[in-house]
Amino acid sequence: MALRLLWASRVASHLRISVAQRGFASAVLKDLKYADSHEWVKIEGTKATFGITDHAQDHLGDVVYVELPDVGLTVSQGKSFGAVESVKATSDINSPVSGTVVEVNKELTESPGLVNSSPYDQGWIVKVELSDAGEAEKLMDSDNYSKFCEEEDAKH
């Protein structure tokens, strides 16, 4: 068992994902920032791409619908701008940073399950032009988010 854990940790390090040592099994990418409402954000210059985390999609179950905002909408950090509907529940999507929506992932209209199968790649939800890049400093890094999820799961 110890050799498997060591191997998994080395593979995770190579793939740039965080693997908690206990029961937490969701993928957490190291180069992203995370909100406590389970959205991830990738900042590239003055633009940000975001979606819901692997942990969130796992708890939601099979996603059947994603409510996308209109291009041009101004979003504010911590405020809802859309929703994800699954077979289990409907959950608001909160913006991890503030800005103006410049692109939405229209593929989610026809294939909302991309949020489940590829939450950090093909399942991204929106891209925004940042209005305050400093807001990202208020978000968690991968290690803190992994710990946050593990603690949250332990409560349930």
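Analysis parameters
- Residues numbered from 1 in each chain as written.
- Predicted model: local features only at pLDDT ≥ 70, side-chain atom pairs only at ≥ 80, totals over all residues.
- Heavy atoms only, no water.
- pLDDT = per-residue confidence, 0-100.
- Contact = heavy atoms within 4.5 Å.
- Salt bridge = Lys/Arg side-chain N within 4 Å of Asp/Glu carboxyl O.
- Helix = DSSP H or I, 4+ residues; strand = E, 2+ residues; numbered from the N terminus.
- Expected span 1.5 Å × (residues − 1).
- Buried < 20%, exposed > 50% of the residue type's maximum accessible area, 1.4 Å probe, protein only.
- Arc of directions from axis to C-beta.
- Polar contact = N/O pair within 3.5 Å; in protein donor to acceptor, adjacent residues only side chain to side chain.

## A closer look at the confidence of the model for the chain
And step 1. Summing up the model confidence of the chain, the mean pLDDT is 86 and the portion of residues at 70 or higher is 83%.
And step 2. Throughout residues 1-24 the model reports pLDDT below 50, and contacts reaching past four residues in sequence, or to other chains, amount to 23 contacts.

## Considerations on the pattern of salt bridges
And step 1. Considering all chains together, one arrives at one salt bridge under this definition.
And step 2. Residues K47 and E129 are paired through a salt bridge, measuring 3.1 Å at the closest nitrogen-oxygen approach. With a gap of 82 residues between them, K47 in strand β5 (residues 47-52) and E129 in strand β11 (residues 126-130) connect regions that are remote in the sequence.

## Comments concerning the environment of P119
And step 1. Along the chain, P119 falls in the loop between α4 (114-117) and β11.
And step 2. Taking the C-alpha atoms as reference points, P119 and I52, 67 residues apart in sequence, are found 6.5 Å from one another.

## Description of helix α5 (residues 142-155)
And step 1. Between its first and last C-alpha, α5 extends 20 Å over 14 residues, near the 20 Å set by a 1.5 Å rise per residue.
And step 2. Among all positions in α5, only S142, Y145, S146 and C149 are buried. Projected onto a plane normal to the axis of α5, the buried residues spread over an arc of 100 degrees and lie on a single side. Turned more than 90 degrees away from the buried face of α5, the exposed residues are K147, A154 and K155.
And step 3. The opening residue of α5, the one whose side-chain oxygen lies 3.3 Å from the backbone nitrogen of D143, is D141.

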